[in-house]
Amino acid sequence: MLHEHLSQKHDAASRRFELIDSHVKWIHDHLLKGKPTRILDLGCGPGLYANRLAWLGHRCLGIDFSPASIAYAQAQADKGGLEAAYIQQDIRTADYGCGYGLVMQVYGELNVFRPAEARVSLRKPTVP
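Residues numbered from 1 in each chain as written. Predicted model: local features only at pLDDT ≥ 70, side-chain atom pairs only at ≥ 80, totals over all residues. Heavy atoms only, no water.

Trainee: Outline the overall build of the protein, supporting the account with residue identities and numerical values.
Mentor: The helix and strand inventory of the protein stands at five helices and four strands. Ordering the α and β elements of the protein from the N terminus gives α-α-β-α-β-α-β-β-α. Across its three principal directions, the C-alpha atoms of the protein cover 35 × 35 × 25 Å. Among the 128 residues that make up the protein, the fraction classed as buried is 41%. Partitioning the intrachain contacts of the protein with sequence separation of at least 6 by distance along the chain shows that 65% fall at a separation of at least 24. Carbon and sulfur atoms make up 58% of the accessible area of the protein, which totals about 7,300 Å². In the protein, which carries 15 positive and 13 negative side-chain charges, the distance between the mean positions of the two groups comes to 5 Å. (Helix = DSSP H or I, 4+ residues; strand = E, 2+ residues; numbered from the N terminus. Buried < 20%, exposed > 50% of the residue type's maximum accessible area, 1.4 Å probe, protein only. Contact = heavy atoms within 4.5 Å. Areas by Shrake-Rupley, 256 points an atom, 1.4 Å probe, with all protein chains shown as cover. Lys, Arg positive; Asp, Glu negative; His and termini not counted. Charge placed at Lys NZ, Arg CZ, Asp CG, Glu CD.)

This is the structure:
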């Protein structure tokens, strides 16, 4: 699956880097007004959004179910000296902590859960 996330031939597992870059720019410039904040990325996959946001000065935590994706994301963050950490866990049962300026779930993972499971994730407190 990691191979598919990193593929630039399709948008089936993750979006292509050019589109991710434009999304990250919009999130940073327009949504966050260029001000560094703490970001929680649920279903982060290989950290394609969180690591780019960390490059822009944000502190990111990514949670994903895939051990390979988490290992890749953390290795890339470590290699770049980024303030990004990754946890391999099910987002439905993970303890997110709180104090985030932004909580995001960008690729549609919410759609794979039953409505009751999705509501549990959406109702978890993430801000103090």
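Trainee: Break down helix 2 (residues 17-31) for me, with residues and values.
Mentor: With 15 residues, helix 2 should cover 21 Å at 1.5 Å per step; its first-to-last C-alpha distance of 20 Å lies within 8% of that length. One or two positions beyond helix 2, positive phi appears at Lys33, with a value near 55°. (Expected span 1.5 Å × (residues − 1).)

Trainee: I'd like a rundown of the sheet that holds strand 2 (residues 59-64), residues and numbers included.
Mentor: In spatial order, the strands read 3-2-1-4; together these four strands make up an open sheet with parallel pairing. Strand pairing shows two members of the sheet lacking a second neighbour, strand 3 (84-88) and strand 4 (102-104), which therefore form its edges. The average undirected angle you get between the axes of adjacent strands in this sheet is 15°. The sheet contact formed by strand 1 (residues 38-42) and strand 4 spans three bridges and is parallel. Paired with Ile39 across the two strands is Leu102, which belongs to strand 4. In this fold helix 4 (residues 67-80) packs onto strand 2 and strand 3, with an angle of close to 165° to the strand it touches most, strand 3. (Pairing = 2+ DSSP bridges. Axes fitted to C-alpha atoms, helices over the stretch in contact; angles between N-to-C directions.)

Trainee: Run through the side chain of Ser7, naming residues and quoting values.
Mentor: Residue placement: Ser7 occurs in the loop between helix 1 (2-6) and helix 2. Among the residues examined, Ser7 registers a relative accessible area of 12% and is labelled buried. Separated by 3.1 Å, the side chain of Ser7 and the backbone nitrogen of Lys9 make a polar contact. (Polar contact = N/O pair within 3.5 Å; in protein donor to acceptor, adjacent residues only side chain to side chain.)

Trainee: Which residues make up empty space enclosed by the protein, and what values do they have?
Mentor: Empty space among the atoms becomes apparent when a probe as large as a water molecule is rolled across them. What the rule picks out here adds up to one cavity of 30 Å³ or more. Here the largest cavity is characterised by a volume of approximately 130 Å³. Taken together, 14 residues line the largest cavity, and the ones lying closest to its centre are Ser14, Gly43, Cys44, Tyr49 and Tyr107. Here the lining of the largest cavity is composed, by residue class, of seven nonpolar, four polar and three charged. (1 Å grid on protein atoms, 1.4 Å probe; cavity = no way out; pocket = protein on both sides within 12 Å on 5 of 7 lines; lining within 4 Å. Points joined across faces, edges and corners; volume = space filled by probe spheres on them. Nonpolar A, V, L, I, M, F, W, Y, C, P; charged D, E, K, R; others polar.)

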